[in-house]
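# Structural description and commentary
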Amino acid sequence: MNKKTKKILTILSGTATAVICIVMNFILIPKIESTTEGIRCFDMNFAYSYETAQKFLSLLSDEGQRVYLNLQLPLDFIYPLMYCAFFILLLSYLTGKKAIFALPCVLALCDYTENILSIIMLKSASLTQPPVLFASCITSVKTVLMYLTFLVLIVLVVKKIIQRKKAV
């Protein structure tokens, strides 16, 4: 892939990531959470208990569940693809090393797993503890990986800036 194509794809995937993030966090999630008495959607927590999941589901309105299942989660299946592409392209620009690409890929895999488990919990007639605890664990891992990815990117950007200043 040439440099110009890589730059265009980086801008497009970054823009798509930002737009999806804004729509989910400022439109859809507030609509879902409007009836849950302050209990956040599953993936908006670092972790959650079985009891919290049960309470969230019992308070979630029919409209909130419809938005969660039919709008939020489908969009959240596109989101990992977009941010994974963006992070890989950005890492490629900053390092050129392929080994570090595993970080955004594992992050996206955790996000997809979390989304599937959210669907299972939202559609469950009788919620059981194992999928909730597994989903909570995956959410925690995803969150740590997201912070780690941002940290790596920040360090690499700072390093790139310092290298450019030394070259001048």
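Residues numbered from 1 in each chain as written. Predicted model: local features only at pLDDT ≥ 70, side-chain atom pairs only at ≥ 80, totals over all residues. Heavy atoms only, no water.

Let us now look at the side chain of D111. Relative to the helices and strands, D111 resides in helix α4 (residues 102-123). Buried charge D111 goes without a salt bridge, the closest partner of opposite sign being K142 at 4.2 Å. For D111, the residues in contact, after removing those within four places along its chain, are D76, Y79, P80, Y83 and K142. (Helix = DSSP H or I, 4+ residues; strand = E, 2+ residues; numbered from the N terminus. Buried < 20%, exposed > 50% of the residue type's maximum accessible area, 1.4 Å probe, protein only. Lys, Arg positive; Asp, Glu negative; His and termini not counted. Salt bridge = Lys/Arg side-chain N within 4 Å of Asp/Glu carboxyl O. Contact = heavy atoms within 4.5 Å.)

The next thing to look at is the packing of helix α3 (residues 62-94) against helix α5 (residues 129-167). Relative orientation of the contacting elements α3 and α5 amounts to 30 degrees, with a least axis distance of 10 Å. Taken together, α3 and α5 sit at an angle that is classed as roughly parallel. Two packed elements cross with a definite hand, and for α3 against α5 that hand is left-handed. Across the interface between the two elements, Y83, F87, L90, L91, Y93 and L94 from α3 touch M146, T149, F150, V152, L153, L156, V157, K160 and R164 from α5. (Axes fitted to C-alpha atoms, helices over the stretch in contact; angles between N-to-C directions. Parallel < 35°, antiparallel > 145°, perpendicular 65-115°, else oblique. Left-handed = near helix turned anticlockwise from the far one by under 90°.)

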